[in-house]
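Letter by letter, the chains look like this.
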Amino acid sequence: MKRFSFLTILIIPFMLSAQQADSLRREVTIEKDFTPIVRDASKINTLPEVEAPVVTRQSIQYSDWTVPASLEARAVQLQPGGFGDPARENGSRGYFDFGLGNYWNMVGNAGYRILQNEKDRLEVWWQHRSTCGSVDYNQKLPGYETSRTMRQLEERLVADYRHTFEKLDLGVRGGYRYDSFNYYGLRYPGVQGIASPGQEINRFFLKSDIASNNPEAQMRYKASLAYYRYGYQRGYLSGDKGAAENVVEADFSLMAPIDKHSDIAIDGVFDYVGYSHLPSVSGYAMLSLNPSYNWHNDRVSLSAGVKADVSFNNGTIFRFAPDIRFDWTIVPNLQFYTWLTGGKQLNTWNRVSAYTLYFNPSAMIDNSYIPLDAQLGLRVNALRGFSLGLSGGYEIGKRVLFLLPEQTLNGEFTGVSRFWGMDAYAFKAGLDMSYRYGTLWEASARVDYYRWTTSRGKQVVSYDRPQWQGEIDVRYKPLSSLYLEAGYEFAAVRKYGVLGSIPDMHLVHVKASYAFTPWFSLYGLTDNVLNRKYDIAYGMPGQGINFMFGVDFKF
């Protein structure tokens, strides 16, 4: 019976009809410096037409660790995603989709452009994500529970307005997000504290910006002012009231062309971070300035600058780091790039929550400083439709964040995690490949290697940062209305010192979608097809095989 159920769950997504994959996506920003990432058709009588392969020149990619990543309608088991990020691109004026699966996984999205003309654009979007299912612990310890229910609810509502004047653009964005969840991680039954009750988080933001829209102007500019609030309902210890983080951020960018090949620019950011209901914590601020000189022609692009960080009430006052980027198209199908960057990074609650919600709500988090992050790479596009990229690098980090389980003085787990700042070095290497055959086939693969060592003793450390990680995705579109996808993701070698290692991630997913009409689609997907046991972080298991079916409307 179990075997029959497993096969049924595996096959059902391929029988579904649904939409184009792009309509399942929403753009959110994940700070991938923190890395672990998880995540028959019916017979036809004629073959689809074979399209001539299209040669697509691949642009140079410095790194994809900080670019927006798509939020698919998949099981809610990984990172909670950023807050206030732009809504997904959608050619229709409005959209609504909803998906439901086992573990009571639910995903819903809706959005509408209220105004859409040459001068004004106003849109609102909403997102729902929730789960409530039992997961088994992979650590079998005497006296500890073997399983626990993982509960999570997230609601987001964001509005975005933009007006175009004759010489500048004005934008105002704001939103609210509510999170409710339990600390389901490994916890000793007798331990009292935050791990027992659920947690609630309320946050909102308001941001305004202006930018020049005249490409011929002698001085081009951008500026913004934003406020972010992140507030807990409960503190870490039993009876503690929650605290709130308040961040005010102002940034600007000025660029003056020298000639058609060069310009000078300066970017600046001022941040103030303050905390309420944390008596022992004082507010602090930082000013970052980044002047640069930029030069380019048809084959070479160079940006040379320096980043200066001035801290107020937060450690060393002056910090400096290089900001040098160089691209060179050696021949039309061979590109080389290198960069030398760094700087201080403010690890606010609002920022690290894009990686995990389950950290200690009463503990301050160290801010990181990267004196040097060096990387170089090659990209080859010699074969039609095929692209190959190689990269390597070395990073020097001060107070780099690693996520560890919080323990009592007696070594008992509390179900809560904590970010620890450690001085560490990293050697990094990567390989990525992609292939596209017209609009019929598309495949991509990537593998990355990270070797973190402590500054003293050269001890190799990993914790929540896997030494190896990668993914393979194959997408097939035999019909304009049918979309099929299969993928594999892995993360390996995560050692937690005396606690030992946690299981490697080997996750397979399949997905199918079919559009009945331009405005109505169905989709289905299955995650963790092999039903592998793994931990998102130590003592925090992921879900087993899980599936989701959904509908999508565009109007």
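Our structure is the block above this text.
What comes next is a walk through the structure. Model, not experiment: these values are computed from the prediction. (Residues numbered from 1 in each chain as written. Predicted model: local features only at pLDDT ≥ 70, side-chain atom pairs only at ≥ 80, totals over all residues. Heavy atoms only, no water.)

What about the overall build of the protein?
Now for step 1: Across its full length, the protein holds two helices and 27 strands.
Now for step 2: Expressed as a percentage of its 555 residues, the buried residues of the protein come to 49%.
Now for step 3: Summed over all atoms, the accessible surface of the protein reaches about 26400 Å², with 61% contributed by carbon and sulfur. (Helix = DSSP H or I, 4+ residues; strand = E, 2+ residues; numbered from the N terminus. Buried < 20%, exposed > 50% of the residue type's maximum accessible area, 1.4 Å probe, protein only. Areas by Shrake-Rupley, 256 points an atom, 1.4 Å probe, with all protein chains shown as cover.)

A short note on unusual backbone geometry
Now for step 1: Unusually for a residue other than glycine, Tyr103 sits at a positive phi of about 60°.
Now for step 2: Residue placement: Tyr103 occurs in the loop between strand E3 (94-101) and strand E4 (106-116).
Now for step 3: Given a relative accessible area of 22%, Tyr103 falls into the partly exposed group.
Now for step 4: Here the phi dihedral of Asn313 falls at roughly 60°; this positive angle occurs in a residue that is not glycine.
Now for step 5: Considering the arrangement of structural elements, one finds Asn313 in the loop between strand E13 (300-312) and strand E14 (318-331).

Description of the side chain of Glu123
Now for step 1: Within the secondary structure, Glu123 sits in strand E5 (residues 120-136).
Now for step 2: With a relative accessible area of 16%, Glu123 lands in the buried category.
Now for step 3: For Glu123, the residues in contact, after removing those within four places along its chain, are Tyr112, Arg113, Ile114, Val158, Ala159 and Asp160. (Contact = heavy atoms within 4.5 Å.)

Topic: the side chain of Arg148
Now for step 1: Secondary-structure assignment places Arg148 in strand E6 (residues 147-164).
Now for step 2: Although Arg148 is buried, it forms no salt bridge, and the closest oppositely charged side chain is Glu145 at an N-O distance of 4.1 Å.
Now for step 3: One polar contact links the side chain of Arg148 to the main-chain carbonyl oxygen of Tyr183, over a distance of 2.8 Å.
Now for step 4: With near-sequence residues (within four places) excluded, Arg148 lies in contact with Gly133, Ser134, Val135, Tyr137, Tyr183, Tyr184, Gly185, Arg187, Ala195 and Ser196. (Lys, Arg positive; Asp, Glu negative; His and termini not counted. Salt bridge = Lys/Arg side-chain N within 4 Å of Asp/Glu carboxyl O. Polar contact = N/O pair within 3.5 Å; in protein donor to acceptor, adjacent residues only side chain to side chain.)

Some remarks on the pattern of salt bridges
Now for step 1: Summed over the entire model, instances satisfying the criterion amount to 20 salt bridges.
Now for step 2: Residue Asp160 pairs with Arg173 through a salt bridge whose shortest N-O separation is 3.1 Å. In this pair, Asp160 sits in strand E6 while Arg173 sits in strand E7 (residues 168-182), placing the two residues 13 residues apart along the sequence. Taken individually, Asp160 and Arg173 each receive the classification buried, so the pair is uniform in this respect.
Now for step 3: One salt-bridge network, in which partners are shared between bridges, spans Arg129, Glu154, Arg156, Arg177, Asp179 and Arg203.

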